[in-house]
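# Overview (structure and organization)
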Amino acid sequence: MLVLALTYMILVIISERRTLWMVRGFIILMLASALSGRLGLPLLSFVLEKLVIGCAVAMAVALQSEFRRFLEQLGRGEFRQLFQPDRLAIPKSDSVIDEIVEAVKELSKNRIGALLIVETTGPIDERDFSVPGVKLNAEVSKELIQTIFQPKTLLHDGATLIRGSRIVSSGIILPLSGRTASRQLGTRHRAAMGITERVENCICVVVSEETGSISLAERGTLNRPLTIRKLKESLDALLSPTVDREAVAPGLLSFVRRIGGKTLALVSRLLGLPSTASRDKK
């Protein structure tokens, strides 16, 4: 039961299909290593054991943001959240995406620097920000976004957080990325890389003040420069609820019931007992 609970927590934390297949492969490799040891195959067991260790190190590097979030929740004593799956991506309406794209288009044309944080799955914890910023709670509109980032306003230097169809706050100070970056990248770009490294459930849209170029940061990676058309396509793809994201942990009780049902069916088949479905038919 403890191993089952630990496996379930891992599946809850890793809620993307691509990463889930990698975790499943790692579990299969571990089972193969244990089985080879029980069957008395020392050479195969030795090779598989070394592969398991190497894969564990590689996964720790590839999933560093997930492990960091797990350790932070564990250190804060948020044990309930460890067993709760993340909420699916809330789809942004086409009007919200169009408002963002039109605002970025005008800001880029006038070479006005901007930094937008757009949530993808669940709300961002304000403790991940260096300074939370000023609460706004206003509808997303291109006019408001352009007004916020005008050079003479008090909030233009910080980032603006968008949640669903609302602008939550502005003037947010973000942690900078520790990665080695090009000298052409300014503070906004490094901040966008920093927050997407630390928090996986968000993306950042950056407009350069010097060149007017548009960039999109996701998981610490900066894609630049982008055209307006490419930006809209990327936002449509990333903010869609069907983009490579699924609920992989439906609930601990239903998960246990499913495993128990399959186990009973397998035991009944091995012992030659009639299955539950056949008994119900009779």
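Residues numbered from 1 in each chain as written. Predicted model: local features only at pLDDT ≥ 70, side-chain atom pairs only at ≥ 80, totals over all residues. Heavy atoms only, no water.

## A word on the sheet that holds strand E7 (residues 221-226)
Note the threshold: Strand pairing follows a simple DSSP-based rule, namely that at least 2 bridges must link the two strands. Secondary structure elements are defined from DSSP: runs of H or I of at least 4 residues count as helices, runs of E of at least 2 residues count as strands, and each element is numbered from the N terminus. Helix axes use the C-alpha atoms of the stretch in contact, all axes being lines fitted to C-alpha atoms, and the angles between their N-to-C directions lie in the range 0 to 180 degrees.
The strand order across the open sheet formed by seven strands is E2-E4-E3-E1-E5-E6-E7, and the pairing between neighbours is mixed. Either end of the sheet is taken by a strand with one partner, and the two such strands are strand E2 (134-139) and E7. Direction aside, neighbouring strands of the sheet carry axes that sit 20° apart on average. Two strands pair when backbone bridges link them, and strand E5 (residues 202-207) and strand E6 (residues 214-218) are joined in this way by five bridges, in the antiparallel orientation. Following the sheet pairing, Val-206 is matched in E6 by Ser-215.

## Here's the deal with the environment of Val-23
Rule in force here: Only protein chains enter the area calculation, which uses a 1.4 Å probe; residues under 20% of their type maximum are buried, those over 50% are exposed, and those in between are partly exposed.
Mapped onto the fold, Val-23 is located in helix H2 (residues 17-38). Overall, Val-23 belongs to the buried group, its relative accessible area being 5%. Along the primary structure Val-23 and Met-59 are separated by 36 residues, whereas in three dimensions their C-alpha atoms are 8.4 Å apart.

## A closer look at the side chain of Ser-208
Put simply, the test is: By definition, residues are in contact when any of their heavy atoms lie within 4.5 Å.
Tracing the backbone shows Ser-208 in the loop between E5 and E6. Its relative accessible area of 7% is what places Ser-208 among the buried residues. With sequence-adjacent residues up to four places away left out, Ser-208 is seen in contact with Arg-111, Gly-113, His-189 and Ser-213.

## Considering the pairing of E7
Note: E6 against E7, four bridges, orientation antiparallel. By the bridge assignment, Ile-214 is partnered in E7 with Leu-226. Here E6 folds back onto E7, and the loop between the two strands holds two residues, one of which, Arg-219, carries a positive phi near 55°.

## Some words on the nonpolar core
Definition in use: We call a set of buried residues a nonpolar core when its members are Ala, Val, Leu, Ile, Met, Phe, Trp, Tyr or Cys and they connect through side-chain atoms within 4.5 Å of each other.
Ranked by internal contacts, the top residues of the largest apolar core, which has 27 residues, are Ile-100, Val-104, Leu-116, Ile-145, Phe-149, Val-205 and Leu-235. For this core, the element with the most residues is helix H6 (residues 94-109), which contributes seven residues. The contact partners of Val-104, leaving out residues within four places of it in the chain, are Leu-116, Val-205, Val-207, Ile-214, Ile-228 and Leu-231. Judged by nonpolar contacts, the second largest core, of 20 residues, contains Val-168, Ala-191, Cys-202 and Cys-204.

## Details of unusual backbone geometry
Backbone torsion omega between Arg-224 and Pro-225 reads -15°, so that peptide bond is classified as cis. Not every positive phi belongs to a glycine, and Arg-111 is a case in point at roughly 55°. Looking at the secondary structure, you find Arg-111 in the loop between H6 and strand E1 (114-119). At Arg-219, a residue that is not glycine, the phi angle is positive and equals roughly 55°. Examined against the element boundaries, Arg-219 turns out to sit in the loop between E6 and E7. Its relative accessible area of 29% is what places Arg-219 among the partly exposed residues.

## Regarding the environment of Asn-137
Tracing the sequence through the fold places Asn-137 in strand E2. Setting aside its immediate chain neighbours within four residues, Asn-137 contacts Arg-166, Ile-167 and Val-168.

## Some words on the packing of H6 against helix H9 (residues 228-238)
Test applied: Any angle from 65 to 115 degrees is called roughly perpendicular, while one under 35 is roughly parallel, one over 145 is roughly antiparallel, and all others are oblique. Put simply, a crossing is left-handed when the front helix is turned counterclockwise from the back one by less than a right angle, and right-handed when it is turned clockwise. Here the term charged refers only to Asp, Glu, Lys and Arg, the term nonpolar to Ala, Val, Leu, Ile, Met, Phe, Trp, Tyr, Cys and Pro, and the term polar to all other amino acids, Gly among them.
Between H6 and H9, the shortest axis-to-axis distance is 10 Å and the interhelical angle comes to 150°. One way to sum up the angle between H6 and H9 is to call them roughly antiparallel. Crossing of H6 over H9 shows right-handed handedness. For the pair H6 and H9, the contacting residues are Ile-97, Asp-98, Ile-100, Val-101, Val-104 and Lys-105 in the first and Ile-228, Leu-231, Lys-232, Leu-235 and Asp-236 in the second. Here the contact of H6 with H9 is built from residues that sort into seven nonpolar, no polar and four charged.

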